[in-house]
Amino acid sequence: MIKVTVDQHSGFCWGVVRTIDIAEEELKESPELYSLGPVIHNPKEIARLRDKGLETVGHDDLARLAGKRVLIRAHGEPPSTYAAARAHGVTIVDATCPVVTRVQERIRKFHEQGFQVVIFGKKDHAEVIGLLGQTDNEAVVVRNVAEAEQVDPSRRTVLFSQTTMDKETFYAVADVLRTRIGELVVGTFEESAIDFHAKDTICGQVSGRDGKLREFARANDVMVFVAGKDSSNGKVLHGICREANPNTHFVEDERELQPGWFEGVSTAGVTGATSTPQWLMENVRKAIETMQEHTVITK
Ligand code: SF4
């Protein structure tokens, strides 16, 4: 009989728990609330909240939502969104994660001081759009070392990170920028004149999970990673899980499980992204157990 365990360190980070709590509190007051973009990258949780009255809308919908309440999710939004909401008479329910708010504030400060802001992240990610907005969209977004090679090295520069990126690449990008900016000032100024700052703003809720996830993945014969296919954090954590245990399978829910994955193994681990609800991982665990019972009966 296979032993199936759910990773106790996986699931929602506190920023997402907070956002959902805020949404549910608002929905108790009245079952009409709009979320600007999907509240979480998990279709299952979105469906659960939709049943309670949370509807996902886009920026273009603000114009028709006068007098309605619109939730800003954990990723945050650029200042232009707040301005549009004000212009259209929309009430904002701000559930931006406080960690993200703090990064926005720090970026804004450096931008105002005339720094070139470089953001290590994904250009189209909602959080990055919110961060870019703090600099009037003047910040440079880089996703890897090759893109860091293209950044103008002649300016005072500060590097920040989208909160869900991986640390290793962040420090590699920081090294490239530091070296290039350093090369330019050598011979003209003292080396201490290098004006480059690297601010590691990767969230501890994500990076702290790496070690525990690796341990958990190695302790099981087979791993099932549960997340929405669009979750950025899910992709990072899935990569780590797979690296620690190549026998890892990605699913959105229990319907994607395949009996063949569990043949001849004695332990299975179920884990997920920061956007994966605990109840969904429990469903996957139960489905694996049921699958095994069924296999035993039909043999
Ligand atoms: S991962 Fe961190 S920054 Fe992102 S929502 Fe969760 S707590 Fe906030």
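These numbers were taken from a predicted model, which means no experiment stands behind them.

Parameters and conventions
- Residues numbered from 1 in each chain as written.
- Predicted model: local features only at pLDDT ≥ 70, side-chain atom pairs only at ≥ 80, totals over all residues.
- Helix = DSSP H or I, 4+ residues; strand = E, 2+ residues; numbered from the N terminus.
- Buried ≥ 20, exposed ≤ 12 C-beta atoms within 10 Å, placed from the backbone.
- Contact = placed C-beta atoms within 7 Å.
- Domains from an automatic or database assignment.
- Near = placed C-beta within 6 Å.
- Pairing = 2+ DSSP bridges.
- Right-handed = clockwise from strand over helix to strand, strands pointing away.

### Details of the overall build of the protein
Logical step 1: When helices and strands are counted, the protein shows eleven helices and twelve strands.
Logical step 2: In terms of overall dimensions, the protein has C-alpha extents of about 80 × 55 × 25 Å along its principal axes.
Logical step 3: Looking at the 299 residues of the protein, the share that counts as buried comes to 40%.
Logical step 4: Taking all contacts inside the protein whose residues are at least 6 apart in sequence as the whole, residues at least 24 apart take part in 73%.

### Focus: the domain arrangement of the protein
Logical step 1: According to the domain assignment, the protein consists of domain 1 (3-11 + 207-298), domain 2 (14-97) and domain 3 (99-162 + 167-201).
Logical step 2: For domain 1 and domain 3, the distance between their C-alpha centroids amounts to 36 Å.

### Concerning the site of the ligand
Logical step 1: As a matter of local geometry, the ligand sits amid 14 residues, with Cys13, Gly15, Cys97, Val99 and Cys203 nearest to it.
Logical step 2: Of all the elements in the fold, those that place two or more residues in the shell around the ligand are helix 1 (14-29), helix 4 (98-112) and helix 8 (204-207).
Logical step 3: Examining the composition of the shell around the ligand, we find that three residues originate from one element, helix 1, more than from any other.

### Points about helix 5 (residues 126-133)
Logical step 1: Among the eight residues in helix 5, eight count as buried, and that is most of the element.
Logical step 2: By the burial criterion, the buried members of helix 5 are Ala126, Glu127, Val128, Ile129, Gly130, Leu131, Leu132 and Gly133.
Logical step 3: Looking at the buried side of helix 5, the elements it contacts are helix 3 (79-87), helix 4, strand 6 (116-120) and strand 7 (140-142).

### Re the pairing of strand 11 (residues 248-251)
Logical step 1: Summarising the sheet, strand 10 (residues 222-226) and strand 11 pair through four bridges and their orientation is parallel. In the strand pairing of strand 11, Val226 is matched with Val251.
Logical step 2: At this point the chain moves from strand 10, through helix 10 (residues 232-244), to the parallel strand 11, and the crossover so formed is right-handed.

### Observations regarding unusual backbone geometry
Logical step 1: A positive phi angle is found at Asp136, which is not glycine, with a value near 55 degrees.
Logical step 2: Here Asp136 shows up in the loop between helix 5 and strand 7.
Logical step 3: Owing to 11 C-beta atoms within 10 Å, Asp136 belongs among the exposed residues under this scheme.

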